[in-house]
Amino acid sequence: MDIFSDLRRLNKRQVYFQVLNFAMIISSALMIWKGMMVATGSESPIVVVLSGSMEPAFYRGDLLFLTNYRADPVRAGEIVVFKIEGRDIPIVHRVIKLHEKADGKVKFLTKGDNNEVDDRGLYKPGQLWVERDHVVGRARGFIPYVGIVTILMNDYPKLKYAVLGLLGLFVLIHRE
Amino acid sequence: MNTILARLNALFAFSLSVTAAVAFACFLTTNFLDYSQKVDIDVNKVVIKNMEEFYVGDRHDLGHIIFTLKANFTPVFNWNCKELFLYLMAEYETPQNKLNQVVLWDHIINRGENPVVNIRKRSNKYYFFDDGAFLRGNKLQISLHWNIIPNAGYLWRVPGGGSITLDLPESYGTSRI
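Bear in mind the structure is a predicted one, so any value in this text is a computation, not a measurement.

1. Re the overall build of chain A
The helix and strand tally for chain A stands at 4 helices and 7 strands. Walking chain A from its N terminus toward its C terminus, one meets helices and strands in the order α-α-β-β-β-β-β-β-β-α-α. Its C-alpha radius of gyration of 22 Å places chain A more than 25% over the 16 Å reference for a compact globule of 176 residues. Residue pairs in contact within chain A that sit at least 24 positions apart in sequence constitute 57% of those at least 6 positions apart. Accessible area for chain A stands at about 10400 Å²; split by element, carbon and sulfur atoms hold 64% of it. Placing the 24 positive and 19 negative side-chain charges of chain A at their respective mean positions leaves the two points 5 Å apart.

2. A word on the packing of aromatic side chains
One pair of aromatic rings is described through two measures. These are the centre distance and the angle between the planes. Using the criterion set out here, one finds 11 aromatic pairs over all chains in the structure. The interplanar angle of 70° and the centroid separation of 5.7 Å between the aromatic rings of F67 of chain B and W105 of chain B together place this pair among those described as edge-to-face. In this pair, F67 of chain B sits in strand β2 (residues 59-72) while W105 of chain B sits in strand β4 (residues 99-110), placing the two residues 38 residues apart along the sequence. Here the two residues F67 of chain B and W105 of chain B agree in accessibility, since each one is buried. Site record: aromatic cluster; members linked through ring pairs are F54, Y127 and F129 of chain B. Positioned above the aromatic ring of F85 of chain B, the side-chain terminus of R94 of chain A is 3.6 Å from the ring centre. Over the ring of W129 of chain A we find R120 of chain A, and its NZ or CZ is 4.7 Å from the ring centre.

3. Some details on the pairing of strand β2 (residues 63-67) of chain A
Residue and element names in this part refer to chain A. Burial within β2 is extensive, with 4 of its 5 residues counted as buried. As defined by bridge partners, strand β1 (residues 46-48) adjoins β2 across 3 bridges and the pair is classed as antiparallel. In the strand pairing of β2, V48 is matched with L63. Of the pairings in the sheet, the one linking β2 to strand β7 (residues 135-143) comprises 5 bridges and is antiparallel in character. If you follow L66 over to β7, its bridge partner there is A139.

4. Focus: the interface of chain B and chain A
For an interface, size is often stated in terms of accessible area lost upon the parts coming together. Contacts between the two partners involve 34 residues from chain B, matched on the other side by 31 residues from chain A. Each partner contributes to the roughly 2700 Å² buried at the junction of chain B and chain A, and carbon and sulfur atoms together form 55% of this total. A per-residue breakdown of the area chain B buries against chain A is headed by Q101, L155 and R157 of chain B, which together make up 21% of the total. The tally of links between chain B and chain A comes to 3 salt bridges. Residue E53 of chain B pairs with R120 of chain A through a salt bridge whose shortest N-O separation is 3.5 Å. For the pair chain B and chain A, the interface holds 16 residue pairs in polar contact (both at pLDDT 80 or more). Going through the elements one at a time, β3 (81-92), β4, β7 (139-150) and β8 (153-154) of chain B are the ones with two or more residues in the side of chain B that touches chain A. Per element, the largest residue contribution to the side of chain B that touches chain A is 7 residues, and it comes from β4 of chain B. Here the side of chain B that touches chain A is built from residues that sort into 19 nonpolar, 8 polar and 7 charged.

5. Description of the pairing of β2 of chain B
Residue and element names in this part refer to chain B. Among the 14 residues that make up β2, 10 are buried, leaving the element largely enclosed by the rest of the structure. Direction of pairing for strand β1 (residues 40-52) relative to β2: antiparallel, over a ladder of 12 bridges. Directly across from V43, in β2, lies its bridge partner F67. What sits between β1 and β2 in their antiparallel hairpin is a turn of 6 residues, with Y55 showing a positive phi close to 70°. Relative to strand β6 (residues 128-129), β2 runs antiparallel, the two sharing 2 bridges.

6. Considering helix α1 (residues 4-30) of chain B
One full turn of an α-helix is made of 3.6 residues, so residues set three or four places apart face in the same direction. Counted at 1.5 Å a residue, the expected span for α1 of chain B with its 27 residues is 39 Å, and the 39 Å between its end C-alpha atoms agrees. When we look at burial in α1 of chain B, the residues that qualify are A23, C26 and T30 of chain B. Buried-residue contacts for α1 of chain B involve β7 of chain A.

7. A few points about a nonpolar patch on the surface
Residue and element names in this part refer to chain A. A grouping of Y145, I148, L152, Y156, L159, V163 and L167 is seen on the molecular surface, where their side chains present a nonpolar patch of about 680 Å² in accessible area. Of all elements in the fold, only α3 (148-155) and α4 (157-173) reach the threshold of two or more residues within the nonpolar patch. Looking at the element boundaries, L152 is found in helix α3.

8. Some remarks on the side chain of S42 of chain A
Residues and elements named next belong to chain A. As for its placement among the helices and strands, S42 is situated in the loop between α2 (12-40) and β1. The class for S42 is buried, based on a relative accessible area of 2%. Within the structure, the side chain of S42 is placed 2.8 Å from the backbone oxygen of V136, a separation counted as a polar contact. Not counting residues up to four positions away in its chain, the partners in contact with S42 are M37, L66, T67, N68, V136 and G137.

9. Notes on the pattern of salt bridges
Summed over all chains, the structure comprises 15 salt bridges over all chains. For K125 of chain B, the salt bridge identified is with D106 of chain B, shortest N-O distance 2.8 Å. With K125 of chain B in the loop between β5 (116-123) and β6 and D106 of chain B in strand β4, the pair connects residues that are 19 residues apart, well separated along the chain. Overall, K125 of chain B belongs to the partly exposed group, its relative accessible area being 48%. The partner of D167 of chain B in a salt bridge is K139 of chain B, and the shortest N-O contact between them spans 2.9 Å. Here D167 of chain B, found in strand β10 (residues 164-167), pairs with K139 of chain B, found in strand β7; they are 28 residues apart in sequence, far enough to count as distant. Connected via shared salt-bridge partners are D72, E78, R138 and R140 of chain A together with R157 of chain B.

Conventions we followed
Residues numbered from 1 in each chain as written. Chains lettered and ligands numbered in written order. Predicted model: local features only at pLDDT ≥ 70, side-chain atom pairs only at ≥ 80, totals over all residues. Heavy atoms only, no water. Helix = DSSP H or I, 4+ residues; strand = E, 2+ residues; numbered from the N terminus. Rg over C-alpha atoms; globule rule 2.2 N^0.38 Å. Contact = heavy atoms within 4.5 Å. Areas by Shrake-Rupley, 256 points an atom, 1.4 Å probe, with all protein chains shown as cover. Lys, Arg positive; Asp, Glu negative; His and termini not counted. Charge placed at Lys NZ, Arg CZ, Asp CG, Glu CD. Phe/Tyr/Trp six-rings, centres within 6.5 Å; stacked < 30°, edge-to-face > 60°. Buried < 20%, exposed > 50% of the residue type's maximum accessible area, 1.4 Å probe, protein only. Lys NZ or Arg CZ within 6 Å of the ring centre and 35° of its normal. Pairing = 2+ DSSP bridges. Buried area = accessible area lost by both parts, 1.4 Å probe. Salt bridge = Lys/Arg side-chain N within 4 Å of Asp/Glu carboxyl O. Polar contact = N/O pair within 3.5 Å; in protein donor to acceptor, adjacent residues only side chain to side chain. Nonpolar A, V, L, I, M, F, W, Y, C, P; charged D, E, K, R; others polar. Expected span 1.5 Å × (residues − 1). Patch = residues over 30% accessible without salt bridge, like charges linked within 9 Å, V, L, I, M, F, W, Y side chains within 5 Å.

Nothing here speaks to function; it is geometry throughout.
Shown next as structure tokens:
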């Protein structure tokens, strides 16, 4: 097996080199992600669709590209990704009602395309509207199926650890 | 390239790059097209009432609109447009809110389904509650918009041509619709 013969030939400098290589990959990925956060103005520029409430437009596993420019006002008909206080999971639904005051303060009501009723039942008890601060971003780009990997890793956490472990092992051990 | 693993790896990497290229080509070839269409909107009947809005608890103005809609979306569909989400929107101003936008009706047309829209004397699908009681005597700007859902690419929101202005009645109505 190649892997073990490689391992025996490694000396200290090569180990350091491999670890640094690994760190470079991780930090480049992080830089790209943070760079996208700044460029789009959204705290989560890419989201995976988690539920079927926007079918047939979006299915579970589809990927959405978000922007959240403050200067671009929210308008009815837009697909917004927002968070409800106390819950981690972002919701991807459409704005069906919007009221904006003269000073720019805006409140809106959302509904999933595939749902019969609007989202008031989903909001926090006592909350009637979604506000600008709850919005993570507005969906601007779409690519199908790519996010299935994330959903699989979430549903089967052992798979996530196995994949990450194997990847890490291969990067550290192989010299190329 | 003489082990199964190496071959599988190469195959996988190649199919991944080809799929990415196809998705990008889908996006490039259809992103800059003109998706606008002329739409015919007509309002047949409008009634305003005042009642307590569910969940909210306050008495708000409720508008009830019956409309007619004609449009042909055949030129809008292409290999990258998998769904058209149409929404009829009413826009107006009140002393309380500078901008109000309410979606009255929406409809989904998938690629392959009949792209001609011929709606006659349809009631609004969603409750048209104002955030207050300012509908009487107000002016509505009613327009049809659509959201292009691509197979891969940008999610365009296109305003349709042919929006109309509707003068709302000065007083509450009592007729049943």
